[in-house]
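Descriptive structure summary
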Amino acid sequence: MAKPILLSVDDDADVLRAIERDLRSQYGADYRVLGSSSPEGALDLLKQLNLRSDNVALLLADQRMPRIDGVHFLQEAMRIYPDAKRALLTAYADTTAAIGAINQASIHYFFMKPWDPPAEHLYPQLDDLLEDWQASHHPAYSGIRVLGTRWSPRSYELRDFLARNHVPYQWIDAEISATDAETKLLLESLGPDATSLPIVLFPDGTKLLETTPAQVADKVGLRTRAQTSFYDLAIIGGGPAGLAAAVYGASEGLHTVMVEREAPGGQAGMSSRIENYLGFPAGLSGGDLARRAVVQAQRFGVEIIAAEASGIRTEGPYRILKLADGSEFSCHALMIATGVQWRRLDAPGIDRLQGAGVYYGGGTTEAISCAGENVYVVGGANSAGQAAMNFAKYAEKVVILVRGSSLSSTMSQYLIDQIKETPKISVWAHASVSEVHGETHIEEISVLCTDTGKIERVPASAVFIFIGALPQTDWLAGVVERDERGFLLTGPDLFADGQRPKGWTLERDPYLLETNVPGIFAVGDVRHGSVKRVASGVGEGSVAVQFIHQYLSKVQ
Ligand SMILES: Cc1cc2nc3c(=O)[nH]c(=O)nc-3n(C[C@H](O)[C@H](O)[C@H](O)COP(=O)(O)OP(=O)(O)OC[C@H]3O[C@@H](n4cnc5c(N)ncnc54)[C@H](O)[C@@H]3O)c2cc1C
């Protein structure tokens, strides 16, 4: 952590030099000593230091300065650093004024000029002040800070991105500046930039305005481009299937890259508690599973790129992968593990308020913000049940909206039992969202009761939608064979009337998890006929690596 700061302010250059010299020689090992020749400059400096979350331990100001005297400077500075110790430098003639300032303006001490010898007239008193400061001081948060508004979709996207990529950050809601002095000050310190939300402030003092996950990824060192032009194995998608393939591939000596457009963990990363994954009797959160798997993959040397794959093609034995930024690299074997994405709910207001109270999927980042509020969960499958259990830890009331008459045909019994035992959760059967209402964020929803045909309008702080998922594989059309819903065909599913897929020229049949293009494999939820579970994705990802070895042993 950076050293705390001792700041002295004096318009007399000789005095400023002398005080800086004495402070540095006595305290330089533990504190950073800064000086300013004007109170205005010092106030600007304090604002910048505050933006960088630096700690200021001592403010030492000469009383006689033009425009702003020492007492007024210290009072202003107190707004920015209320915990810093404040001391005046005074001439003998100002002693009475200085004593008055101690009483009226919360100044901790005054020193007479000259202070020679400092060992007698400066250091003992400063030692006391600094010891006091150390004892009562709480260090400022020194990591990444995200400043935005709760209902802004762009702020939500950023927070979700950072949380799912396990980048620690502090969230600051700019809307509380009216009541929160610290936030108000932070916005003031930003000056005109304060309107360019969302803003990300980094500990090195830099900031990104109106920023996007891609810019932040670059800044925090998440790779967005391939480091080399060729790999043995390239994996698209960093869910359980892709991560398992990465760990097995790299641990078995393949030079492996994994491309993930949102955050490693995939859908599993959105799960608040996976209860049925082997070896974790108490369950584990999807975030934890993803974090462990990423560390494991990195330990084996997997390169992870935060980017979207947008096209593939073949050139002889090479498989070329194109990323959304236009860059390309090649590989011998390619694995598609892109999973499925949430189906959209079609109702007026949904698209407009997405990210402003309407969320697809887990919304784990949003759960805490729902404290004391009414939230609605749409869907009757396990994912909806898990989310409801998670929101019930924070929200006042959680209502699950299901089209059918109950959860029994769509949700696992263990979750139904947990829901029954949670008084905050209720299930509204025969119900579907027909409209969401609100200007800047969701305020109410209309629910169509399908058994009576009536529409009820109820207040809602958030709606989380879990209504099934489909693969997004249009970008693979024309290269990889898909079923009518976009799932990828592999192995035996490629045979029509006993015939191998069109264009297949090898003497062998496609391997179990291989697509119609030799060397391109598909695993996990994106695969036609897959079992949509974490364990089966992990299984497929690791098994496919065996076929890749066989494929690579023959590739020219
Ligand atoms: C809320 C929730 C709770 C769940 N709970 C359980 C549970 O308790 N037990 C259980 O067994 N299963 C559970 N599941 C199901 C399980 O999470 C999935 O079956 C599993 O995650 C599928 O893994 P996958 O790797 O095939 O795909 P996914 O997990 O979907 O991962 C695919 C990844 O590919 C990325 N991607 C997609 N397209 C591209 C592209 N073009 N470029 C780069 N990257 C791309 C996506 O961003 C995503 O990260 C749950 C699912 C959800 C949503």
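Before reading on, note that the structure itself is shown above.
Numbers given for residues are sequential positions, taken from 1 along each chain in its written order. Side-chain atom pairs in this predicted model are given and counted only at pLDDT of 80 or more, local residue features only at pLDDT of at least 70, and totals for whole chains, interfaces and linings cover all residues. As a rule here, side-chain values cover all heavy atoms of the structure and leave hydrogens and water aside.

A short note on the environment of Asp-193
Structurally, the position occupied by Asp-193 is in the loop between helix H8 (181-190) and strand S8 (199-201). Here the term buried applies to any residue with accessible area under 20% of the maximum for its type, exposed to any over 50%, and partly exposed to those in between, with areas from a 1.4 Å probe on protein chains only. Its relative accessible area of 24% is what places Asp-193 among the partly exposed residues. A sequence separation of 17 residues divides Asp-193 from Glu-210, and the C-alpha atoms of the two residues are 9.4 Å apart. Only heavy atoms matter for contacts: two residues are in contact if any of them lie within 4.5 Å across the pair. Contact partners of Asp-193, with chain neighbours within four places excluded, come to Ile-199, Lys-207 and Leu-209. In this text, helices come from DSSP runs of H or I with a minimum length of four residues, and strands from runs of E with a minimum of two, each type numbered from the N-terminal end.

Notes on the environment of Asp-493
Relative to the assigned elements, Asp-493 resides in the loop between strand S25 (469-470) and strand S26 (520-522). Of the residues examined, Asp-493 reaches a relative accessible area of 35% and is grouped as partly exposed. Sequence separation between Asp-493 and Asn-516 is 23 residues; the distance between their C-alpha atoms is 9.9 Å. Once residues lying within four places of it in the same chain are set aside, the contact partners of Asp-493 are Arg-527 and His-528.

Overview of the side chain of His-437
Turning to its location among the elements, His-437 is positioned in strand S21 (residues 431-437). Judged by its relative accessible area of 11%, His-437 is buried. Of the polar contacts made by the side chain of His-437, one reaches the side chain of Ser-446; its length is 2.7 Å. If sequence neighbours within four positions are ignored, His-437 has contacts with Leu-353, Ile-442, Glu-443, Glu-444, Ile-445, Ser-446 and Arg-457. Contacts described as polar in this section are N or O atom pairs within 3.5 Å, which, within protein, must combine one atom able to donate a hydrogen with one able to accept it, while residues neighboring in sequence count only if both atoms come from side chains.

Considering the site of the ligand
The full set close to the ligand counts 34 residues, and Glu-260, Gln-267, Asn-276, Gln-386 and Asp-525 are the nearest of them. Measuring from an oxygen atom of the ligand, one finds a side-chain N or O atom of Glu-260 at 2.6 Å. Note that an oxygen atom of the ligand is positioned 2.7 Å from one of the side-chain N or O atoms of Gln-386. To be clear on the numbers: accessible area is Shrake-Rupley with a 1.4 Å probe, and residue cover counts the displayed protein chains and nothing else. When the ligand sits alone it has 990 Å² of accessible area, and the protein chains cover 96% of it. Elements supplying a minimum of two residues to the shell around the ligand: helix H10 (240-251), strand S11 (256-260), strand S16 (341-342) and helix H12 (382-391). For this classification, the nonpolar set comprises Ala, Val, Leu, Ile, Met, Phe, Trp, Tyr, Cys and Pro, the charged set comprises Asp, Glu, Lys and Arg, and every other residue, Gly included, is treated as polar. Taken together, the residues of the shell around the ligand sort by class into 14 nonpolar, 13 polar and 7 charged. The near set for a molecule or strand comprises every residue that places at least one heavy atom within 4 Å of it.

Side note on the pattern of salt bridges
Here a salt bridge means any side-chain nitrogen of Lys or Arg lying within 4 Å of a carboxyl oxygen belonging to Asp or Glu. This structure, assessed with the given rule, holds 25 salt bridges. Linking Arg-24 and Glu-20 is a salt bridge whose minimum nitrogen-to-oxygen distance equals 3.4 Å. Of this pair, Arg-24 and Glu-20 both sit in helix H1 (residues 13-27), separated by 4 residues, roughly a single helical turn. Among the ionic pairs, Glu-328 bridges to Arg-313, the shortest N-O distance being 2.7 Å. Of the two residues, Glu-328 is situated in strand S15 (residues 328-336) and Arg-313 in strand S13 (residues 309-315); the sequence distance between them amounts to 15 residues. Overall, Glu-328 belongs to the partly exposed group, its relative accessible area being 41%. With a relative accessible area of 36%, Arg-313 lands in the partly exposed category. Taken together, the shared-partner salt bridges connect Glu-76, Arg-79, Lys-184 and Glu-188 into one network.

Here we look at the pairing of S15
Among the 9 residues in S15, 8 count as buried, and that is most of the element. Only when DSSP finds a minimum of two bridges between them are two strands counted as paired. Pairing of strand S10 (residues 230-236) with S15 involves 6 bridges; the strand directions are parallel. Bridged to Tyr-231 within S15 is Cys-331. For strand S14 (residues 318-323) and S15, the ladder comprises 4 bridges, and the chain directions are antiparallel. Each residue of the ladder has a partner; that of Lys-322, found in S15, is Glu-328. The sheet contact formed by S15 and S26 spans 3 bridges and is parallel. Counted as the bridge partner of Met-335 is Phe-521 from S26.

Things to note about the sheet that holds S8
Spatial ordering of the open sheet is given by S7-S6-S8-S9, a layout of 4 strands whose pairing is mixed. Sheet topology places strand S7 (169-173) and strand S9 (207-208) at the edges, where each strand pairs with a single neighbour. Note: strand S6 (residues 144-148) against S8, 3 bridges, orientation antiparallel. Looking at the pairing, Leu-147 lines up with Ile-199 of S8. Where H8 meets the sheet, its contacts fall on S6, S7, S8 and S9, and the angle it forms with S6 comes to roughly 90°. Note on definitions: angles span 0 to 180 degrees between N-to-C directions of axes, and those axes are lines fitted to C-alpha atoms, for helices only across the stretch in contact.

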